[in-house]
Amino acid sequence: MKEKILEYLSKKHDYLSGDQISKHLGITRQGLWKHIQELKDSGYEIVAVPHLGYRLEACPDRLFVFEVSRNLNAKFIGRKIHYFDYLASTMDQAMQLGMAGAVNGTLVLAESQIKGRGRLGREWFSPKYKGIYLSLILRPRILPNACPILTLMSAVSICEAVKETTGEDAQIKWPNDVLMRGKKIAGILTEMNAEVDKVNFVVIGIGLNVNNDKKSLIPQATSLKESQDQDLNRVTILQELLRKIESNYFILENKGSQEIINKWRNFTQTLGTRVKVCYQNKHIEGQAVDIDQDGALLIRKDSGLMQRISSGDVTTCR
Ligand code: BT5
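Conventions adopted
Residues numbered from 1 in each chain as written. Predicted model: local features only at pLDDT ≥ 70, side-chain atom pairs only at ≥ 80, totals over all residues. Heavy atoms only, no water. Helix = DSSP H or I, 4+ residues; strand = E, 2+ residues; numbered from the N terminus. Areas by Shrake-Rupley, 256 points an atom, 1.4 Å probe, with all protein chains shown as cover. Lys, Arg positive; Asp, Glu negative; His and termini not counted. Charge placed at Lys NZ, Arg CZ, Asp CG, Glu CD. Core = buried A, V, L, I, M, F, W, Y, C linked by side-chain atoms within 4.5 Å. Buried < 20%, exposed > 50% of the residue type's maximum accessible area, 1.4 Å probe, protein only. Contact = heavy atoms within 4.5 Å. Pairing = 2+ DSSP bridges. Right-handed = clockwise from strand over helix to strand, strands pointing away. Axes fitted to C-alpha atoms, helices over the stretch in contact; angles between N-to-C directions. Phe/Tyr/Trp six-rings, centres within 6.5 Å; stacked < 30°, edge-to-face > 60°. Near = heavy atom within 4 Å. Polar contact = N/O pair within 3.5 Å; in protein donor to acceptor, adjacent residues only side chain to side chain.

A. Molecular detail of the overall build of the protein chain. Helix and strand counts for the protein chain come out as nine helices and 14 strands. Along the first, second and third principal axes, the C-alpha set of the protein chain runs to 85 × 45 × 30 Å. Approximately 15600 Å² of the protein chain is accessible, and the part contributed by carbon and sulfur atoms is 49%. Between the averaged position of the 44 positive side-chain charges in the protein chain and that of its 36 negative side-chain charges there is a distance of 1 Å.

B. Just the nonpolar core, in detail. Leu-134, Leu-150, Ile-158 and Trp-174 are the most contacted members of the largest nonpolar core, which totals 61 residues. It is helix 6 (residues 148-166) that provides the largest number of residues to this core, a total of 10 residues. Leaving out residues up to four positions away in the same chain, Ile-158 has contacts with Val-178, Ala-186, Ile-188, Ile-206, Leu-208 and Leu-241. Counting residues in hydrophobic clusters, the runner-up holds 16 residues, among them Leu-6, Leu-39, Leu-56 and Phe-66.

C. Quick look at the pairing of strand 4 (residues 106-110). Within strand 4, five of the five residues are buried, which leaves it mostly tucked inside the rest of the structure. By the alternation rule, side chains of strand 4 split into Thr-106, Val-108 and Ala-110 and Leu-107 and Leu-109, which are all buried. Direction of pairing for strand 3 (residues 81-84) relative to strand 4: parallel, over a ladder of four bridges. When the sheet's bridge partners are listed, Ile-81 is paired in strand 4 with Leu-107. After leaving strand 3, the chain enters helix 5 (residues 90-99) and then returns to the sheet as strand 4, a path that is right-handed. Inspection of the sheet shows strand 4 paired to strand 5 (residues 131-138) by five bridges, in the antiparallel sense. Counted as the bridge partner of Leu-107 is Leu-136 from strand 5.

D. Just the sheet that holds strand 8 (residues 183-195), in detail. What the seven strands build is an open sheet, ordered 3-4-5-9-8-7-6; its pairing is mixed. What marks the edges here is a single partner per strand, and that holds for strand 3 and strand 6 (171-173). Each adjacent strand pair in this sheet contributes to an overall mean axis angle of 20°, direction not counted. Pairing between strand 6 and strand 7 (residues 177-180): three bridges, direction antiparallel. Among the inter-strand pairings, Ile-172 is bridged to a residue of strand 7, identified as Val-178.

E. Representation of the packing of aromatic side chains within the structure. Summed over all chains, the structure comprises four aromatic pairs. Aromatic side chains Phe-64 and Tyr-83 sit 5.3 Å apart centroid to centroid with 70° between the ring planes, which places their arrangement in the edge-to-face category. Residue Phe-64 is found in the loop between strand 2 (53-58) and helix 4 (65-69), and its partner Tyr-83 is found in strand 3; the two are separated by 19 residues along the sequence. Here the aromatic cluster, defined as three or more aromatic residues joined through ring pairs, consists of Tyr-44, Phe-64 and Tyr-83.

F. Representation of the site of the ligand in the model. Residues in contact with the ligand amount to 27 residues; listed here are only the nearest, Ser-89, Arg-117, Arg-122, Lys-184 and Asn-209. Contact between the ligand and Thr-90: a nitrogen atom at 2.9 Å from a side-chain N or O atom of the residue. In the model, a nitrogen atom of the ligand is placed 2.9 Å from a nitrogen or oxygen of the Phe-125 main chain. In the complex, the protein chains occlude 90% of the 800 Å² of accessible area that the ligand would expose alone.

The structure is reproduced here in structure tokens:
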């Protein structure tokens, strides 16, 4: 009901009488008053003036389901959204939901994470109301070894959404980092629940630094606020990101991986450089030549031999 009240109030930028709202929504004046108090407690600025009624002045900077769903215009991503003020990690929550049968496109959002994680048990710094922390449940019709393409698709979607909402260029560092002016602005963590030859579901975790102040970030990291010099609307950025993921996912499902790989090549800063890649307690150095259909990195070693690496940490050699 609170969502309906907000929708009604936000349509008109003027006062609406309590009588009018109650009649329109089929609730009592007392019921309306109670819902308005709850909305105010959540941070909505709603002015009440005797004889005039209620007026919505401002919405809080929160990723409330109502805010994210409103005008999202997505077909399946975010059809179901689970929102939390805080979680240990959105990944754990999404994994549980996936195992309980959550539909394709189910989204888990948290305003902060206590144990936000990166790859190999590394930490993802997730301060409250500053970034976007999401996990998306997908049920793609692909084989388990093709899943890394979903990480590439997510990285492309982040770059496209950043460009669309801020006009800024972001670059992808293989396999799962998105950088801005050489510093990390977003990270992607892809986990899956699969059998030998069948993916049950995949969870894509994305952490994006939006309104983080410079001093609260580690030196290797940056935020959209740092590049734009102002706070940004996280809902707008999240919605754009979800729309980009959806359209790239459609491309992947209907046309295969080639178009996503081509887009990825345009955004990456890894290819064509000399890199050192650490993987499974080993490391190799060489020229990053290309990625293959499954998103694995192809390195040409100094000996001339090519090596294929499906996951690792890349450092650019200068
Ligand atoms: C990643 O791992 O970059 C994947 C991060 C995924 C985070 C999302 S948030 C929503 C979802 N729920 C989760 O619990 N996780 C996902 P990796 O490549 O391993 O990079 C981790 C490293 O990035 C850390 O060791 C730090 O050096 C750095 N780092 C940590 N927090 C950061 C931040 N907020 N911004 C930039 N760099 C960060």
